[in-house]
Amino acid sequence: MSPVSDSVPPDLQNLGEVVSPGDVTSASALAELDREVSRRRTFAIISHPDAGKTTLTEKLLLYAGAIELAGAVRGRKDRRHATSDWMELEQQRGISITSAALEFELQGRRMSLLDTPGHKDFSEDTYRALIAADSVVMVIDAANGVEDQTRKLFEVSKRHRLPILTFINKFDRPARDPLELIDDLERTLGIAAAPVNWPIGSAERFRGVYDIERQTLLQYEREAQGQYRAPVDISSLDDPKAREMVGEDAYANFRESLDVIGAAGTRFDVAEYRAGRQTPVFFGSALTNFGLEPFLQALVDLAPPPQPRPSDSGVVSPTDDRFTGFVFKIQANMDPRHRDRVAFVRVCSGRFTKDMTVFNSRVGKSLRASRAYRFFGRDRETISVAYPGDIIGLVNPGHFAIGDTLHTGAPLRFLDLPRFPAEHFGRVRLKDTRYKQFDDGLKQLEEEGLMQVFYVAAGRREPIVGVVGALQFDVITSRLRSEYGVEVEIEPAEYTVARWLGGPEGPTPAVGGQSAVAMDRQERRVLLFGSEWELQYFQRHHADVVLLPESPVA
C-alpha cells in the first residue's frame, strides 16, 4: 500500500481520462494509482426539503464550468430543469426523488457528487448514497434552521463518521440571526459548529460575507437571476465604501456578532472536521451566488480523498493494487429507449478497466465488465478506466443486486448495506389485466431498493409495498405507468411496522388486532403490525421470538 497525498502537481491534474493498459503492480502504476486517489473527492449533499440543495448542486456545476447556464428548479418558465433531475416526475414537481451521480473536474480534482433526494418523502436510496460517499455537504435554510429530514440524514452521516461541511443558505431572504443558527446546529445535532465566514445583512440588505481567517470582505452583485457567476469585490472590513454600502445599523450588528464568535465561538480545526466532530459553517445564497466561492474552495481543500473500507478480510485501502467496489444503487429505465438497468458501483480500491473480469462475491461467479459508464445526471459516457472514489455504472442484465461486492484477486466481501425499515405501507391494486408487466415492474423496482414487497398469507393476494417515505407511492404509480405500461392505484394499508422472523424455523406465532403474517419475495416470514403498540404487545407475550427490523439476508 502507498500513502494518499492531498497535494496534486498541476501537470498531473488531468490524469485519469485515458490511460494505456499496463500492469497495475508495477511501480509506475502504483504511483499513478496514488495520484489518482489523491485527487478524487466523493461527497453527498443532504438537506431538508426546500433548503436549496438542488440549486446549490446546480451552482456548483456552474462554478466548476461543467454547465454554462444554471437551471432553476422553480421560477421562470424558460429555465431548464435542474441537471441532476432526470426522472419525469422530478421535472414535473421540481424536486429530487432519486439519487443522481454527477462527475466533473474542479480545480484539478475529480469530483463525484451523489445528489441525494431532498424531498421529505425520500427513499432508502437516500441513505445508501451516504454510505457510498466519503464526506457530506449539509444545506440549512437560514429562516428555519435544522429541520426533521436534515436531522435524520445527519444521524446516518454521523454513524458512518462522515466529515460534514455546512452551508447555511437563503440569506437573500429574511433569515434568523446567524448566532441563533450556530447555536441551533450545536444543540440540535450535537456537533461543534465553527464559522468560517459571517454574513453581512440578510434579505434585500444581504451584501456579502466576511472571511474570518483572512479578514477580508466579499461583496457581491446580483447577476441575471443567478444564472451566471456573481461579480465579487474584495475589500477590508474597515473600508469606508463598504461600510456605506452595508449601512451603519447592519454594520454595527455585524461587528458585534464578530466579537461574540471571536470570544466564545468554536475555532475551525481540520482534524476535528475530518473526525466528524466539528462542522465548518459557511453562509450565503445559492440562488444569487453570494458566498459560493469560499464554500466551493473549502470543498476542494478540505473534503477528504477516498477512505479505507472495512471488509470480511480486513480493511481495504484505496491504494490496494486489486480492484474492489460495491453496488449501492440499481436504476432501471434511465434511458427509456433501451429499457436497461444500471448498477451504480462505488470503486473502493485499485484500478477498474473496461472489459476486465470481476468476481461477484454474493453469487460466486465472475463476469466481464464490457459496458461501463460515467454519469452526469441522465447523460452517460463510456469509460475505459476508473479509480477509487469514482462512481461507475455497469449495465445490469440481472447479475447485480444492491450490496454486491465486486473484486479481483482473493475472495472479499464488504460489510452488508443496511436496509432501512419501512415507515409507510400501501396495497397495490392493478387496474387492468397486464399481470406479467405488473409483476415484472414490481420486481425490478424492488431490486432497485425503492420499496419492499410483501404478500399477506390470508385474505386478498394484492401485494403490500413498504416504503420509507409516502412520496414513493406516487413514484411507484408513475414509473409503473410510464416504464411498464400498467395502471395501478395504491391505497393506504393498515400497517405501520414490519418485522422479519429470525431464529430457527418453527411455527408462525399468532398475531391479533390489525396485524398480519406475510411473506416477502424470497418467501421469508414477515409480521406486519398495525401500530407500535401492537408490536410491543406481541414482544411482551412472545419474548422468545426473534424479530428483525431488517431482512435477514442482504
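None of the values given here were measured: they were computed from a predicted structure.

Caption draft 1: The arrangement of the overall build of the protein chain in detail. In terms of regular secondary structure, the protein chain is built from 13 helices and 31 strands. Expressed as a percentage of its 554 residues, the buried residues of the protein chain come to 57%. Considering only residue pairs separated by 6 or more positions, the protein chain has 71% of its internal contacts joining residues 24 or more positions apart. As displayed, the protein chain offers around 23,400 Å² of accessible surface, 49% of which is attributable to carbon and sulfur atoms.

Caption draft 2: Local environment of the environment of aspartate 440. Checked against the element boundaries, aspartate 440 lands in helix 11 (residues 435–447). Look at aspartate 440 and you get partly exposed, because its relative accessible area is 30%.

Caption draft 3: How the structure looks around the packing of aromatic side chains. In the structure shown here, the tally under the stated rule is 15 aromatic pairs. Aromatic pair phenylalanine 167 and phenylalanine 295: ring centres 5.0 Å apart, planes at 50°, arrangement tilted. Placement of the pair is phenylalanine 167 in strand 5 (residues 164–169) and phenylalanine 295 in helix 10 (residues 292–302), with a sequence separation of 128 residues. As far as burial versus exposure is concerned, phenylalanine 167 and phenylalanine 295 are alike and both buried. On the numbers, 5.7 Å between centres and 80° between planes, the contact of tyrosine 210 with phenylalanine 254 is edge-to-face. Of the two residues, tyrosine 210 is situated in strand 8 (residues 208–211) and phenylalanine 254 in helix 8 (residues 248–264); the sequence distance between them amounts to 44 residues. Each member of the aromatic cluster is reached from another via a ring pair, and the members are Phe171, Trp198, Phe206, Phe283 and Phe290. In this structure, lysine 329 is placed above the aromatic ring of phenylalanine 344, and the distance from its NZ or CZ to the ring centre is 5.5 Å.

Caption draft 4: Here's a closer look at the nonpolar core. Counting 80 residues, the largest nonpolar core has Leu114, Ile168, Leu185, Phe283, Phe352 and Leu394 as the members making the most contacts within it. If one sorts the elements of this core by residue count, strand 15 (residues 341–349) sits on top with six residues. Core analysis: the next-biggest nonpolar cluster, separate from the first, contains 30 residues, Leu60, Leu102, Leu113 and Leu302 among them.

Caption draft 5: Quick look at the pattern of salt bridges. Under the counting rule described, the total for this entry stands at 32 salt bridges. Glutamate 105 serves as the salt-bridge partner of arginine 39, at 3.1 Å between the closest nitrogen and oxygen. Of this pair, arginine 39 sits in the loop between helix 1 (27–38) and strand 1 (40–47) while glutamate 105 sits in strand 2 (residues 100–106); the two residues are 66 residues apart in sequence, bridging distant segments of the chain. A residue is classified by how much of its surface remains accessible, and arginine 39, at 1% relative accessible area, is buried. Linking glutamate 272 and arginine 277 is a salt bridge whose minimum nitrogen-to-oxygen distance equals 2.9 Å. Look at the salt bridges and you will find they share partners, linking Glu36, Arg39, Arg40, Glu105, Arg110 and Asp390 into a network.

Caption draft 6: Geometry of helix 11. Over its 13 residues, helix 11 extends 18 Å from the first C-alpha to the last, a length consistent with the 18 Å expected when each residue adds 1.5 Å. Against the buried residues of helix 11 lie strand 24 (424–430), strand 25 (452–456), helix 12 (471–484) and strand 27 (488–492). Just beyond helix 11, the residue with positive phi is glycine 449, at close to 85°.

Calculation criteria
- Residues numbered from 1 in each chain as written.
- Predicted model: local features only at pLDDT ≥ 70, side-chain atom pairs only at ≥ 80, totals over all residues.
- Heavy atoms only, no water.
- Helix = DSSP H or I, 4+ residues; strand = E, 2+ residues; numbered from the N terminus.
- Buried < 20%, exposed > 50% of the residue type's maximum accessible area, 1.4 Å probe, protein only.
- Contact = heavy atoms within 4.5 Å.
- Areas by Shrake-Rupley, 256 points an atom, 1.4 Å probe, with all protein chains shown as cover.
- Phe/Tyr/Trp six-rings, centres within 6.5 Å; stacked < 30°, edge-to-face > 60°.
- Lys NZ or Arg CZ within 6 Å of the ring centre and 35° of its normal.
- Core = buried A, V, L, I, M, F, W, Y, C linked by side-chain atoms within 4.5 Å.
- Salt bridge = Lys/Arg side-chain N within 4 Å of Asp/Glu carboxyl O.
- Expected span 1.5 Å × (residues − 1).

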